Amino acid sequence: MPQIRLTTPLTDEVVEKLRIGQRVLLNGVLYTARDAAHKKMVELLDRGEKLPIPLEGQVIYYVGPSPAKPGRVIGSAGPTTSGRMDPYAPRLIALGLKGMIGKGKRSPEVIKAIKQYKAVYFAAVGGAAALLARAIKSCRVVAYPELGPEAIHELIVEDFPVIVVNDVLGADLYDEGVKIYAGR
């Protein structure tokens, strides 16, 4: 299966064509956010306030990058477990978030929101944080600097490698992988 090269922001039309197992190279802007930042964003929404980043068509990478070494844009930038964002993700997806990058399974509520609002969940390979960092061309904090590495960063990426895990059809690569391995 050939790799697909996409540029953010993502549209419904692009997301609707993606299927589990497809390898994608993302280009453009990714925002980083982990559970603390997600909690703060949902609290803003609860108060009727504006979010610090645009959501429409955007992709959030679940990562808390390590500090950059001299001559580097960013330190290691591997994915964190996505389940911690599950309480917040459906609300952000409903507001236009089109993609999420992390590792691990998503809750039924997140998968339902992915289907309903035409979004996608990508996995980045855990354990390859230094290699993933090479695809990041710039990094700047855009919100919640008090959270340190868990602040929201804006990343500019070139050919950032991910795999489609959950698509608009509700398919789940983790479930399909188990079935294939089990010979079903």
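Below is a summary of the structure that appears in this document. (Residues numbered from 1 in each chain as written. Predicted model: local features only at pLDDT ≥ 70, side-chain atom pairs only at ≥ 80, totals over all residues. Heavy atoms only, no water.)

What to know about the nonpolar core
Keep this limit in mind: For our purposes a nonpolar core is just a set of buried Ala, Val, Leu, Ile, Met, Phe, Trp, Tyr and Cys residues, chained together by side-chain atoms within 4.5 Å. Burial classification: accessible surface area is computed with a 1.4 Å probe over protein chains only, and a residue below 20% of its type maximum counts as buried, one above 50% as exposed, and the rest as partly exposed. Counting from the N terminus, the helices are DSSP H or I runs at least four residues long and the strands are E runs at least two residues long. Residues are treated as being in contact if the distance between any of their heavy atoms lies within 4.5 Å.
Core analysis: the largest hydrophobic core is formed by 27 residues, its most contacted members being Met 41, Ile 60, Leu 92, Ile 93, Met 100 and Ile 152. Mapped by element, the contributors of at least two residues to this core are α2 (35-46), α3 (89-94), α4 (108-117), β5 (120-123) and β7 (152-166). Counting residues per element, this core draws most heavily on α2, which supplies 4 residues. Apart from the residues within four sequence positions on either side, Ile 152 is in contact with Tyr 31, Thr 32, Ala 33, Ala 37, Met 41, Pro 52, Ile 53, Arg 140, Val 141, Val 142, Ala 143 and Tyr 144. Counting 26 residues, the second largest nonpolar core, distinct from the first, contains Ala 124, Ala 135, Phe 160 and Val 162.

Things to note about unusual backbone geometry
For the peptide bond that leads from Thr 8 to Pro 9, omega is 0 degrees, which places it in the cis range. Looking at the element boundaries, Pro 9 is found in the loop between β1 (4-7) and α1 (12-17). Unlike most non-glycine residues, Lys 118 shows phi in positive territory, near 60 degrees. Tracing the chain through its elements places Lys 118 in the loop between α4 and β5. Here the phi dihedral of Asp 159 falls at roughly 50 degrees; this positive angle occurs in a residue that is not glycine. Along the chain, Asp 159 turns up in strand β7. Take Asp 159: its relative accessible area is 31%, and that puts it in the partly exposed class.

Here's the deal with the packing of aromatic side chains
To keep it simple, the criterion reads: Stacked, edge-to-face and tilted are the three classes for Phe, Tyr and Trp ring pairs, Trp counted by its six-membered ring, which pair at centre distances within 6.5 Å; planes under 30 degrees apart are stacked, over 60 edge-to-face, the rest tilted. Whether a charge sits over a ring depends on NZ of Lys or CZ of Arg being within 6 Å of the ring centre and within 35 degrees of the ring normal.
One pass over the structure, following the stated rule, counts 1 aromatic pair. Between Tyr 61 and Phe 160, the ring centres sit 5.1 Å apart and the planes meet at 70 degrees, which makes this aromatic pair edge-to-face. With Tyr 61 in strand β3 (residues 59-61) and Phe 160 in strand β7, this pair connects stretches of sequence that are 99 residues apart. Phe 160 shares its class with Tyr 61; the two are buried. Sitting over the ring of Tyr 121, Arg 106 keeps its end group 4.8 Å from the ring centre.

Overview of the pairing of strand β4 (residues 99-102)
To keep it simple, the criterion reads: Any two strands with at least two DSSP bridges between them are considered paired. A clockwise course of the path from the first strand over the helix to the second, judged with the strands pointing away from the viewer, identifies a crossover as right-handed.
On β4, burial covers both faces: Gly 99 and Ile 101 on one face and Met 100 and Gly 102 on the other are all buried. By the bridge criterion, 3 bridges tie β3 to β4 in an arrangement that is parallel. Bridge pairing in β4 links Ile 60 to Met 100. Between β3 and its parallel partner β4, the chain crosses via α3, and the hand of that crossover is right-handed. In the sheet, β4 pairs with β5 via 4 bridges, with the strands oriented parallel. What sits directly across from Ile 101, in β5, is Phe 122. Tracing the backbone out of β4, into α4 and back to the parallel element β5 gives a crossover that is right-handed.

Looking at the pattern of salt bridges
We apply this condition: Between Lys or Arg on one side and Asp or Glu on the other, a salt bridge is scored when a side-chain nitrogen of the former is within 4 Å of a carboxyl oxygen of the latter.
Within this structure, the stated rule accounts for 13 salt bridges. Residues Glu 16 and Lys 118 are paired through a salt bridge, measuring 2.9 Å at the closest nitrogen-oxygen approach. Of this pair, Glu 16 sits in helix α1 while Lys 118 sits in the loop between α4 and β5; the two residues are 102 residues apart in sequence, bridging distant segments of the chain. The exposure class assigned to Glu 16 is partly exposed, which follows from its relative accessible area of 30%. As a salt-bridge pair, Arg 91 and Asp 46 come within 2.5 Å of each other at their nearest N and O atoms. Residue Arg 91 is located in helix α3, and its partner Asp 46 is located in helix α2; the two are separated by 45 residues in the primary sequence. When its relative accessible area of 35% is taken as the criterion, Arg 91 is described as partly exposed. Connected through shared salt-bridge partners, Lys 105, Asp 172 and Asp 175 make up one network.

These values are about where atoms sit, not about what they do.
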